[in-house]
Amino acid sequence: MLNALEVATVVIVGLMVGVEFSVAFIMNRILDALPEDSGQLGHAHGGRMLGAVMPFWYIGSLVLAAIWAVARWQHDGALVVIAAGLLVVSVVMSILLLVPINNRNKTWTPENRPADWKQQLNRWGRYHYARVAVIVAAFTLLAAALA
């Protein structure tokens, strides 16, 4: 049973990393290259779509890693504890830094967006790069703990 939890945790966190990596390094560049207002509309739509799913994914990943850490506490669970700690950091970063910008962005249209909308999306992007680094580190530690 514990092996299934470990594998499921690594797969779920790995998929989350893949989605967030894709957003950071592929989707945002595609959206930014679109003509006229299409990119901003795409960012808003992406914010609505992923904003509805990612909280469950982040919290679920954290819960799975925490259960794994508790279950392995006596047997070399240090990597999993550190990984769970990094997932906590990613959730805190999301709540404090990324979600406020995303909540504004997902309501923007070309008619109502603020004058500094590009600067706000660029700030979100910088925070997102940092969050991706944190969850990649967590995933790496979880994968190493599984080995």
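Note: the structure precedes this text.
Predicted model, so just to flag it, every value in this text is computed and none were measured.

Trainee: Pulling in residues and values, what's your account of the overall build of the protein?
Mentor: Assigned secondary structure in the protein consists of four helices and zero strands. In the protein, the succession of helices and strands from N to C terminus is α-α-α-α. Principal-axis analysis of the C-alpha atoms places the extent of the protein at approximately 55 × 25 × 20 Å. Put simply, of all contacts in the protein between residues at least 6 apart along the chain, 81% involve residues at least 24 apart. Of the roughly 8,100 Å² of accessible surface on the protein, a fraction of 70% belongs to carbon and sulfur atoms. Between the centroid of the 10 positive side chains of the protein and the centroid of its 8 negative side chains there is a distance of 4 Å.

Trainee: Hey, could you go over the nonpolar core for me, with residue numbers and the actual values?
Mentor: In terms of nonpolar packing, the biggest core is built from 21 residues, with Met16, Tyr58, Trp68, Leu87, Ile135 and Leu142 touching the most fellow members. With seven residues, the single largest contributor to this core is helix 2 (residues 38-71). Aside from chain neighbours lying at most four places away, what touches Leu87 is Val13, Met16, Ser61, Leu62, Ala65, Ile135 and Ala138.

Trainee: Hey, could you go over helix 2 for me, with residue numbers and the actual values?
Mentor: For helix 2, built from 34 residues, the straight-helix expectation of 50 Å at 1.5 Å per residue is met to within 8% by its first-to-last C-alpha distance of 48 Å. The sharpest bend along helix 2 reaches about 35° and sits at Gly51, with the proline Pro55 one to four residues further on.

Trainee: Outline the packing of aromatic side chains, supporting the account with residue identities and numerical values.
Mentor: In total, this model carries two aromatic pairs according to the counting rule given. Here Phe21 and Phe25 contribute two aromatic rings whose centre-to-centre distance is 4.6 Å and whose plane-to-plane angle is 40°, an arrangement assigned as tilted. With Phe21 and Phe25 both in helix 1 (residues 2-33) and four residues apart, the pair spans about one turn of that helix. With relative accessibility at 41%, the residue Phe21 sits in the partly exposed group. Classification of Phe25 by relative accessible area gives partly exposed; the value is 33%. Each residue in the set Phe21, Phe25 and Tyr129 is aromatic and connected to the rest through ring pairs, giving one cluster.

Parameters at a glance
Residues numbered from 1 in each chain as written. Predicted model: local features only at pLDDT ≥ 70, side-chain atom pairs only at ≥ 80, totals over all residues. Heavy atoms only, no water. Helix = DSSP H or I, 4+ residues; strand = E, 2+ residues; numbered from the N terminus. Contact = heavy atoms within 4.5 Å. Areas by Shrake-Rupley, 256 points an atom, 1.4 Å probe, with all protein chains shown as cover. Lys, Arg positive; Asp, Glu negative; His and termini not counted. Charge placed at Lys NZ, Arg CZ, Asp CG, Glu CD. Core = buried A, V, L, I, M, F, W, Y, C linked by side-chain atoms within 4.5 Å. Buried < 20%, exposed > 50% of the residue type's maximum accessible area, 1.4 Å probe, protein only. Expected span 1.5 Å × (residues − 1). Bend = angle between axes of the 7 residues up to and from the residue. Phe/Tyr/Trp six-rings, centres within 6.5 Å; stacked < 30°, edge-to-face > 60°.

All quantities given are derived from atomic positions and should not be read as evidence of function.
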